[in-house]
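Architecture and fold: a report
One letter stands for each residue in the lines below.
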Amino acid sequence: MRKKEAFPWESVVLATKNKGKIKEFTRMFSHWNVRVLTMEDDLDFPDVVEDGETFEANARKKAEEIMKATGLAALADDSGLEVAALDGKPGVYSARFAGEHASDADNNAKLVQLMKDVPEAEREARFVSVLALALPGDDIILVRGTCEGRIVLEASGTNGFGYDPYFYLPEKERTMAELAPDEKNAVSHRGVAVRKLTAELAERFA
Ligand SMILES: O=P(O)(O)OP(=O)(O)OP(=O)(O)OC[C@H]1O[C@@H](n2cnc3c(O)ncnc32)[C@H](O)[C@@H]1O
Ligand SMILES: [Mg+2]
């Protein structure tokens, strides 16, 4: 059997309303010795206004507010897509790229529209995930993971969520949405960040 990762609390609440993120975290934490709670577990879960200018500021705010509301260790993820040809946009505005209540399809349509005249060689992009783990008693741990790829103009694959069908990984010769869940977690920005968090926890609470 796989060794359980040490986690210093009995439970952790995922401070996110994104079902795609919940699936990925639940899978990655299945070998942690911690009970993972989500907004579906009947917790007092306030809406957090994401008004920070950085992924770090937003992740910290989401984690702290949910930790205070629930009294539990809270893990937030603020993530997004940075496209080189768009000067790093949509960045922290990735969820609202096409407007306040934009769907993934709306955001992807806007991305394709803006990228269609950009030469193929200049379509580099990066996914970023910043995780904030707010621990009862004020302590907070922040880690950042990134994943490099390229934007494609035609969607491929049905796994994952968000921008995944348009994010191509040259070394995999597939889009993120064409990877199986474990394959995505092994290379994704979120997977990188979770492994950094695991290392940080091991160091602090060994
Ligand atoms: O704030 P929470 O409740 O966690 O959920 P959210 O969906 O609003 O999440 P963010 O504010 O962090 O916005 C992230 C945006 O970046 C996109 N994104 C993040 N991670 C992604 C991934 O692994 N694959 C594809 N798109 C991703 C996602 O679809 C959102 O549009
Ligand atoms: Mg959000």
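Residues numbered from 1 in each chain as written. Chains lettered and ligands numbered in written order. Predicted model: local features only at pLDDT ≥ 70, side-chain atom pairs only at ≥ 80, totals over all residues.

**With respect to the overall build of the protein**
Tallying secondary structure elements over the protein gives five helices and eight strands in all. Sequence-ordered secondary structure for the protein, helices as α and strands as β, is β-α-β-α-β-β-α-β-β-β-β-α-α. Computed over its C-alpha atoms, the radius of gyration of the protein comes to 17 Å, within 12% of the 17 Å expected for a compact globule of 206 residues. With the C-alpha coordinates of the protein rotated into their principal frame, the extents come out at 50 × 40 × 25 Å. For the protein, with 206 residues in total, the buried portion stands at 33%. Considering only contacts within the protein whose residues lie at least 6 apart along the sequence, 60% involve residues at least 24 apart. (Helix = DSSP H or I, 4+ residues; strand = E, 2+ residues; numbered from the N terminus. Rg over C-alpha atoms; globule rule 2.2 N^0.38 Å. Buried ≥ 20, exposed ≤ 12 C-beta atoms within 10 Å, placed from the backbone. Contact = placed C-beta atoms within 7 Å.)

**Some remarks on the nonpolar core**
Ala63, Ala74, Leu75 and Leu131 are the most contacted members of the largest nonpolar core, which has 43 residues in total. For this core, the secondary-structure elements that each account for two or more residues are strand E1 (11-14), helix H1 (19-28), helix H2 (55-70), strand E3 (73-83), strand E5 (124-134), strand E6 (140-151), strand E7 (167-169) and helix H5 (189-205). (Core = buried A, V, L, I, M, F, W, Y, C linked by C-beta atoms within 7 Å.)

**Overview of the site of ligand 1**
Around ligand 1, a shell composed of 22 residues is seen, among which Thr16, Asn18, Ser94, Ala95 and Gly162 lie nearest. For the shell around ligand 1, the elements supplying multiple residues, two or more each, are E3 and helix H3 (104-115). If you tally residues by element for the shell around ligand 1, the top one is E3, at four residues. Split by residue class, the shell around ligand 1 holds five nonpolar, nine polar and eight charged. (Near = placed C-beta within 6 Å. Nonpolar A, V, L, I, M, F, W, Y, C, P; charged D, E, K, R; others polar.)

**Examining the UniProt feature "binding site: Mg(2+)" (unreviewed entry) in the protein**
Following the UniProt record, the feature "binding site: Mg(2+)" (unreviewed entry) maps to Asp78 here. Residue position: Asp78 is located in strand E3. Exposure remark for Asp78: the 27 C-beta atoms within 10 Å place this residue in the buried category. Once residues lying within four places of it in the same chain are set aside, the contact partners of Asp78 are Phe55, Asn58, Ala59, Lys62 and Val130. (UniProt positions renumbered as here; feature names shortened; annotations may be inferred.)

**Quick word on the pairing of E1**
Pairing of E1 with strand E2 (residues 35-37) involves three bridges; the strand directions are parallel. Counterpart to Ser11 in the pairing with E2 is Arg35. As a crossover connection, the stretch from E1 through H1 into E2 is right-handed. Of the strand pairs in this sheet, E1 and E3 are connected by three bridges, and their pairing is parallel. (Pairing = 2+ DSSP bridges. Right-handed = clockwise from strand over helix to strand, strands pointing away.)

**With respect to H1**
Those residues of H1 not exposed but buried are Lys21, Glu24, Phe25 and Met28. For H1, the arc enclosing every buried residue in end-on projection is 95°, short of the 170-degree limit, so these residues lie on one face. In this structure, H1 carries Lys19 and Thr26 as exposed residues pointing more than 90 degrees from its buried face. For H1, the secondary structure elements touched by its buried residues are E1, E2, E3, helix H4 (181-187) and H5. (Arc of directions from axis to C-beta.)

**So, the confidence of the model for the protein**
Residue-level pLDDT values for the protein average 94, and 97% of them are 70 or greater. Interface confidence for the predicted complex, expressed as ipTM, amounts to 0.99; the pTM equals 0.96. (pLDDT = per-residue confidence, 0-100.)

**Looking at unusual backbone geometry**
That bond from Lys89 to Pro90 is cis: its omega, 0°, falls within 30 degrees of zero. With respect to the secondary-structure elements, Pro90 resides in strand E4 (residues 89-90). Phi is positive for Asp87, which is not a glycine, with a value near 55°. With respect to the helices and strands, Asp87 occurs in the loop between E3 and E4. Here the phi dihedral of Glu173 falls at roughly 55°; this positive angle occurs in a residue that is not glycine. With respect to the element layout, Glu173 can be found in the loop between E7 and strand E8 (174-175). A tally of 8 C-beta atoms within 10 Å means that Glu173 is categorised as exposed.

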